[in-house]
Structures are given as C-alpha cells and as structure tokens.
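Fold and contact review
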Amino acid sequence: MSKFSYYYNPETCHYERAKLSPGDIIVYTIGLMLMSVACFAGLIFLYNFLLETDTEKKLRAENRAILQYKPILETKLALIENTLAELDEQDKVLYTQLFNTTPPSAPAAKNSFSQEMVLLADAVEFRSLLDKLDTKTTQLVDRARYVNGVFGEDIHIDQEALDVLMVMPAIQPLQDVVLDHFASGFGNRINPFHKGTYHHDGVDYAAPRGTVVVATGNGTVTAVKRSELQAVYGNYVEISHGHGFITRYAHLEEITIKAGQKISKGMPVGTVGSSGGSVAPHLHYEIIRDGDHVDPVLYMVENLTSQAYSALKAKSKKQNQSLD
Amino acid sequence: MARIRYRYNPATCKYEPWYLKGKALRRKVMTFLGLSLVLGLIGCYAFVRHVGSLDEMMLSQRNVALKTEWQILEERILNTREHLDELIAKDDHNYRVILDSSPLSPEIREAGIGGSEKFDKAPLTVFPLIMQRYSEIEDLSRKVGVAVQSFDELGKMVKQRMTMWASRPAIQPISNKQLDRLHMTFGARFHPIFHVYMDHKGLDFTAADGTPVYATGDGKISMVYTSDSYGKVIFIDHGYDYETRYAHLSGFAVKSGEHVKRGQVIGFVGNTGNSVSSHLHYEVLFKGHQINPINFFQRDLNNKEYERLIEIGSQQQYPLD
C-alpha cells in the first residue's frame with residue numbers, strides 16, 4: 001500500500017494527492033495546545049496535591065495558629081476592655097466625689113498634624129500681636145522721648161516699678177510642678193467639709209506628703225506657726241516680700257525655716273502635709289497684695305511657657321471643691 | 001463532512017478507501033498525547049520554577065490577610081495598654097495623693113493572680129508573634145485585676161473620707177438671720193452669774209427663745225439630758241475624735257442614739273441651766289478637750305449658702321451609706 005493518501009475529486013473525476021492543508025495544521029495545533037493545557041493543569045494539580053514544601057507547611061501552620069488563637073485573644077481582650085470601661089465609670093464617680101465637679105472630658109484623638117497646624121496658627125496670631133505691640137512701644141517711646149525733650153528731661157525707668165518686679169512672687173510654690181498637682185483655684189469653691197460655697201483665698205496643690213515647698217520670691221519670714229488643730233491653716237509659713245507682697249504656705253508637714261530669716265526665691269520652706277483643716281495632703285498657697293488676697297495664678301508667669309500658663313489658668317478657673 | 005481518503009493499492013491497481021485504524025491510529029494518538037504531555041511538563045516546570053507552588057501562593061495570600069487582621073488586634077492591645085496605664089496613673093498620682101496613700105508599688109502592680117485558665121502554649125513557641133501577644137494579654141489581664149482591686153480600695157477610701165468630712169463640725173449651729181450676737185470669747189472670762197473669772201470653753205450665740213439649733217456635722221446623739229449647769233443639753237458624737245455640745249436649750253428635737261445629719265434641727269435655743277438670757281452655748285471637743293469652735297465653721301458662708309446647707313441637712317437621707 002502506498003503511503004500517500006488520495007481524495008476523489010468528483011469534478012475532475014480524478015484521484016488527487018491529499019495535501020496537508022493549513023486548516024489541518026491549525027486544528028491539530030489547537031488540539032495539541034488544549035491537550036497540553038489539560039496535561040499542565042493535571043500535572044500542577046498532582047504536584048500540589050502530592051508535594052508539600054516546607055514554606056507551605058509553615059504558612060499553613062501559621063494560618064491555622066492565627067485562626068485558632070485570634071478569637072481566644074479577642075475574647076480575653078474584650079473582657080479586659082469591658083473591665084477597663086467599668087473602671088472608667090468608677091474613675092468618674094471617684095473624681096466627682098472627690099472634687100465635686102465633672103472630670104475633664106478625655107482629649108479628642110490625638111492628631112499631631114492638626115495640632116501642629118493649630119500651633120502654627122497660634123504662632124502667626126501671636127507674632128502679629130507682638131509686631132503690633134512692638135510698633136506701638138516704639139511709637140510710645142519715641143513720643144515720650146519727644147515730650148521729655150520738649151520739657152528738657154531725660155527719660156528714666158521707674159526704679160520702684162523695677163523693684164516691685166524683682167520681689168514679685170512669680171514662680172510656683174512647688175519644685176517640679178506637674179499640672180496634675182494643681183487641684184483648686186482662687187475664688188468661690190466648694191468646701192469639702194460642709195459642701196457649701198465659700199471664697200477660697202488661695203490655690204491648692206495636691207501633692208504627696210514630703211514634696212518640697214519653695215519660697216516664690218525673695219523676702220523675710222514673718223511668721224512660722226505650728227498647730228495641732230484640725231482646722232484652718234495648720235502648720236504654716238508667711239513670707240513678706242516687701243512692696244506689699246505677702247505669701248502664705250499652709251497645711252505644711254515640716255517647716256525648715258525660722259521666723260525672721262531672710263529667704264531667697266526658690267529656697268525650700270518646708271514640705272507638703274495635711275495639717276490644719278485639710279482633707280488631703282496639699283499646699284494651700286496665698287498671695288496677699290496690699291492687704292488683699294489676689295489670685296496667685298496671675299503672678300505665676302516665670303518659667304512657664306505660654307501654653308503651660310494657659311493650661312494652668314484654665315485649670316484654676318474650674319469651679320470645683322477645694323481641699324481645705 | 002469528512003471526505004473519504006483513498007490509497008492506491010498496487011496489488012489490485014485500484015484506489016481503495018482507507019481509514020486510520022489499528023497500529024497507525026495508535027501511533028498517531030500516542031504521538032499526540034506524548035507531545036501534549038511533554039509540553040505540559042515543560043510548562044509545569046517553567047511555572048514551578050518561576051512562579052512557585054500554587055498552594056504556596058494561595059496560602060501566603062491568606063497569610064497576608066490574616067496578618068492584617070492580626071494587626072488590628074495588636075492595635076487594640078496597644079490601645080488597651082495605654083488606657084490601663086492612664087487609669088493607673090490617675091490612681092497612683094491623683095487619687096492616692098488626694099487620699100493620702102502612697103502609690104501601689106510596682107511589685108504589687110506586676111504581681112496579680114495568674115490567668116484564670118491555663119492554656120497549652122507549647123505549640124505557640126513556633127510563632128513568637130502570637131506568643132508575644134498572648135503573654136501581653138495575660139499580663140494585661142493580670143494588671144487589670146490589680147487595677148480593679150485598687151479602684152475598689154480607692155472607692156472604699158473615698159467613702160470613708162466623705163463620711164469623715166461630713167462628720168466634721170463645719171457650720172454655725174444657728175442661722176445668721178436668727179443670731180442676735182456671737183460672743184467670741186473662748187477661754188477665761190468673767191462669769192455673769194458667779195461673778196468670777198472662769199474658763200469658758202465654748203462660744204455663745206445669743207438668739208431668741210425657740211430658735212432652731214442645727215447639728216454642725218453628721219453624727220450620733222450620744223446624750224440628751226438636763227444638767228444643773230448646762231441646762232437642757234445635747235451631746236453629739238461625730239466620731240473621728242470629735243464631739244459637739246449644745247447647751248441651755250429650751251427643747252429637744254432628737255432622742256439619744258439617733259443619727260443626725262449636718263444641718264438637721266436637734267433642739268431649740270432656751271435659757272435653762274446656768275444662763276442669764278436665752279442663748280446657745282456651743283462646744284467643740286477634740287479627743288475630749290474643748291477647742292475653739294470658731295475654727296469649725298465658715299464665717300464667710302453667706303446666708304443663702306447656709307440655708308442651702310440646712311436644706312440639705314433637713315432631707316433625711318444618707319447618700320453615703
């Protein structure tokens with residue numbers, strides 16, 4: 001039998017040699033491809049099914065572990081979170097009971113970017129204010145020079161005003177003051193004993209016993225009183241700074257200075273205690289200017305950034321319960 | 001339709017129809033399959049070589065998804081820790097300072113009761129990630145346990161303190177409105193009846209007969225009686241070493257053993273005992289010794305505030321019990 005195939009062509013009535021047509025090749029190739037793909041798929045499947053690499057083993061185990069432990073940890077965490085939420089409630093109750101005011105609301109979620117923006121905005125406003133002030137001051141000084149020149153006088157700085165500035169009790173009465181220590185401000189506050197409103201003549205710093213209390217300005221110790229009475233000031237120190245400034249440090253535990261002693265700003269005078277009419281270890285600090293009690297916060301301008309000062313001032317305005 | 005193939009048969013000198021069958025067919029099929037298999041293998045090899053295992057791909061995809069979820073958990077742990085630290089800071093630095101108690105030592109803070117359920121953590125050693133978070137959560141729950149105990153303790157302390165503050169004599173026993181005169185003398189003074197200098201151990205509030213007398217702090221009426229010197233007198237035991245006495249009354253509004261609140265009416269001003277005119281003699285005692293009562297009421301309290309306090313006292317309730 002010959003190797004060649006023939007087709008019968010009815011038109012020419014001849015047997016013609018069969019040639020490999022492009023269509024045949026395409027059909028064959030497509031078939032081959034399909035079959036190859038089928039083989040490929042089968043082989044890949046077999047490969048995956050039969051063979052397990054180390055990486056696979058590790059990944060599989062890890063995934064399983066995560067799936068297994070995540071719910072366990074989540075349950076435990078949820079329990080902790082619930083307990084913490086309960087503690088938050090307790091915290092609120094404690095705060096209200098102790099300070100007779102609602103606790104400060106939690107600060108909104110920190111957003112450093114927006115905070116920065118606020119700071120920058122603040123700075124811009126502040127700077128423009130400073131610029132205005134600077135221009136105004138220069139104008140005023142020029143004007144004063146002119147006026148003085150007209151009257152033939154030299155301009156001079158008021159020495160007394162400078163002296164007042166020097167003796168002014170301008171720092172806070174505690175070393176390392178934390179804003180948290182500031183417990184109650186000047187003005188009408190709730191008395192912790194009878195819960196009535198009364199005028200609180202000073203500011204209260206709640207601090208642990210033994211915290212060092214310092215003199216807020218140069219001066220002379222005019223009174224050192226010790227008292228066992230569980231009312232009024234208890235152990236207290238009074239310092240006269242001159243120019244009508246007197247400061248008082250009350251409810252002290254220990255007093256480390258003597259009456260008549262000269263004292264400089266920042267020098268320790270004693271330690272925080274709870275003597276006298278006090279409900280908690282705290283320092284009651286008063287500034288008396290020309291015989292009247294003044295709000296000490298208004299004088300605490302030294303060593304404080306404007307931000308810290310604003311925070312302190314805001315805290316001192318809070319209508320809460322005093323500690324004595 | 002498939003055309004019929006013919007092949008020339010030299011034996012018969014004829015074109016005979018020819019079909020693919022038998023050996024030829026088998027050979028053709030085998031070639032086809034073999035080729036496919038070879039191509040498939042080449043493809044497979046290339047795939048494994050360049051892409052890797054399909055399972056591995058799927059697994060690592062799942063792994064990434066799971067780890068993302070895990071990160072959310074980690075964030076929660078972090079937030080919880082911060083939250084707890086905040087509460088601990090409040091506890092130690094605010095409340096314990098105010099309540100005159102030292103902060104809990106780190107040892108106490110750290111050493112809590114172990115996790116309630118013992119869990120087999122041996123298989124976890126392979127996964128430091130999970131292991132670490134697991135012990136973190138256990139640590140957290142220990143600390144939270146300590147914090148809960150500490151807050152309970154704080155709550156008890158506050159309750160005690162509030163009782164103590166409420167018990168301290170802190171107001172004037174007579175309303176300013178009804179007060180005619182306050183004798184500020186405490187100590188030696190000339191006695192109006194005996195006409196000799198005697199130690200006067202209280203303050204005298206001159207007021208009209210029948211003016212209500214208020215308890216100056218919460219406490220228990222320890223004595224209600226009539227004595228020769230004091231006349232009709234009430235003793236209130238405030239606890240915490242404090243006692244107050246209200247003498248020369250015209251009448252009583254309370255009985256012995258009764259609990260009174262600050263601002264509650266306990267009796268009425270009179271002129272009984274060694275007294276020359278209707279007034280209230282008020283004493284404050286600390287550890288059995290009379291001390292000057294002037295230190296135990298706010299003189300700068302205005303009338304409105306005072307009335308508000310009396311109002312609170314007249315409401316017979318014990319919010320702290």
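Relevant structure appears above.
Residues numbered from 1 in each chain as written. Chains lettered and ligands numbered in written order. Predicted model: local features only at pLDDT ≥ 70, side-chain atom pairs only at ≥ 80, totals over all residues.

**Quick word on the interface of chain A and chain B**
- Every contact between the two is made by 64 residues of chain A and, on the other side, 78 residues of chain B.
- Elements supplying a minimum of two residues to the side of chain A that touches chain B: β1 (6-9), α1 (22-50), α2 (54-99) and β5 (197-200) of chain A.
- Top contributing element to the side of chain A that touches chain B by residue count: α2(A), with 25 residues.
- Residue composition of the side of chain A that touches chain B, by class: 37 nonpolar, 17 polar and 10 charged. (Contact = placed C-beta atoms within 7 Å. Helix = DSSP H or I, 4+ residues; strand = E, 2+ residues; numbered from the N terminus. Nonpolar A, V, L, I, M, F, W, Y, C, P; charged D, E, K, R; others polar.)

**A closer look at the pairing of strand β8 (residues 219-225) of chain A**
All names here are of chain A.
- In the sheet, β8 pairs with strand β11 (residues 262-263) via 2 bridges, with the strands oriented antiparallel. Bridge pairing in β11 links Gly 219 to Ile 263.
- Inspection of the sheet shows β8 paired to strand β9 (residues 235-242) by 5 bridges, in the antiparallel sense. Bridging from a neighbouring strand, Thr 220 pairs with Ser 240 of β9. (Pairing = 2+ DSSP bridges.)

**Looking at the packing of α1(A) against helix α1 (residues 22-50) of chain B**
- Running from N to C, α1(A) and α1(B) point in directions that differ by 50°, and their axes come no closer than 7 Å. Between α1(A) and α1(B), the angle is such that the two are oblique. Crossing handedness for the pair α1(A) and α1(B): right-handed. Contacts from Leu32(A), Met35(A), Ser36(A), Cys39(A), Phe40(A), Leu43(A), Ile44(A) and Tyr47(A) in α1(A) reach Phe32(B), Leu33(B), Leu35(B), Ser36(B), Leu37(B), Leu39(B), Gly40(B), Leu41(B), Gly43(B), Cys44(B), Phe47(B) and Val48(B) in α1(B).
- For the contact of α1(A) with α1(B), a count of residues per class yields 16 nonpolar, 4 polar and no charged. (Axes fitted to C-alpha atoms, helices over the stretch in contact; angles between N-to-C directions. Parallel < 35°, antiparallel > 145°, perpendicular 65-115°, else oblique. Left-handed = near helix turned anticlockwise from the far one by under 90°.)

**Digging into the nonpolar core**
- Counting 92 residues, the largest nonpolar core has Tyr205(A), Tyr249(A), Val213(B) and Tyr246(B) as its most contacted members.
- Take this core: its biggest share by element is 11 residues, from α2(A).
- Filtering out sequence-adjacent residues up to four positions away, Tyr246(B) remains in contact with Pro173(B), Val213(B), Val233(B), Ile234(B), Ile266(B), Gly267(B), Leu280(B) and Tyr282(B). (Core = buried A, V, L, I, M, F, W, Y, C linked by C-beta atoms within 7 Å. Buried ≥ 20, exposed ≤ 12 C-beta atoms within 10 Å, placed from the backbone.)

**A short note on the pairing of strand β9 (residues 231-239) of chain B**
Residues and elements named next belong to chain B.
- Examined bridge by bridge, strand β8 (residues 219-227) and β9 share 7 bridges and lie antiparallel to one another. Bridge assignment links Thr 226 to a residue of β9, and that residue is Lys 232.
- Hairpin connection, β8 to β9: the antiparallel pair is bridged by 3 residues.
- Relative to strand β10 (residues 242-252), β9 is paired through 6 bridges, and the arrangement is antiparallel. Bridge pairing in β10 links Gly 239 to Tyr 242.
- Hairpin geometry of β9 and β10 is characterised by an intervening segment of 2 residues between the two adjacent antiparallel strands and by a positive phi of about 50° at Tyr 240.

**Thoughts on the sheet that holds strand β2 (residues 14-17) of chain B**
- One open sheet accounts for 4 strands, arranged β2(A)-β1(A)-β1(B)-β2(B); its pairing is antiparallel. With one partner strand each, in any of the chains shown, β2 (14-17) of chain A together with β2 of chain B form the two edges of the open sheet. The sheet shows a mean angle of 50° between the axes of neighbouring strands, direction not considered.

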